[in-house]
Amino acid sequence: MESVKTENLLEKYFQGETSIAEENELRNYFSSLNVAQHLEQYKPIFGYFSLAAAHQFTPEIPPQSKKRNVAWISIAASVVVLLGIGTYAYYSADVVNKSQDLGTYDDPEKAFRATQKALSLLSDNVNVGIESVQYIQEYQTTKDKIFINTKKQSGGS
């Protein structure tokens, strides 16, 4: 192939205007031994294509390993489901046993003392709430006194 024709094909190639036949012609030219000195720089580009075409991918992982993984995954999933069911059954039985114990007393004296204790705790908490309300009422009356005095002084000027 003459040098001028090769340079024109290279120019078309880099602009993306070559056909498959022209690209094959360039590939053949650059794979030969008689490449022009000033075109040596393009030789690795076209040499790569012939090297890449010869390279073939070979898978390294055997396809049987997927079948074993599926078996182990299904076994693990079954174990998880069984553990979940067992845990649910254990805790639901525990809750049923606790709900049957309603805090009843056989001895009326014990029941009376327990009721007094519960009402005493309730009374203490209610008294704390009443004290808080009284504190807020005192704050409200003080605030009203301050604002009434302020309004009288500003209104009188």
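Residues numbered from 1 in each chain as written. Predicted model: local features only at pLDDT ≥ 70, side-chain atom pairs only at ≥ 80, totals over all residues. Heavy atoms only, no water.

Student: Report on the pattern of salt bridges, specifying residues and quantitative values.
Tutor: Going through the model one piece at a time under the given rule, you end up with two salt bridges. For Lys5, the salt bridge goes to Glu25, with nearest N and O atoms at 3.3 Å. With Lys5 in helix α1 (residues 3-15) and Glu25 in helix α2 (residues 20-31), this residue pair connects regions lying 20 residues apart in the sequence. Relative accessible area serves as the criterion here: at 42%, Lys5 is assigned to the partly exposed category. Here Lys12 makes a salt bridge to Glu22, at a shortest N to O gap of 3.0 Å. Note that Lys12 is positioned in helix α1 and Glu22 in helix α2, a separation of ten residues in sequence. For Glu22, a relative accessible area of 18% puts it in the buried group. (Salt bridge = Lys/Arg side-chain N within 4 Å of Asp/Glu carboxyl O. Helix = DSSP H or I, 4+ residues; strand = E, 2+ residues; numbered from the N terminus. Buried < 20%, exposed > 50% of the residue type's maximum accessible area, 1.4 Å probe, protein only.)

Student: Describe the packing of aromatic side chains, naming the residues involved and giving the relevant values.
Tutor: All told, the structure shown has four aromatic pairs when counted by the stated rule. With a centroid separation of 5.2 Å and an interplanar angle of 75°, the aromatic rings of Tyr29 and Phe30 are classed as edge-to-face. For the pair shown, Tyr29 and Phe30 are each scored as buried. Members of the aromatic cluster, each reached through a chain of ring pairs, are Tyr13, Phe14 and Tyr42. (Phe/Tyr/Trp six-rings, centres within 6.5 Å; stacked < 30°, edge-to-face > 60°.)

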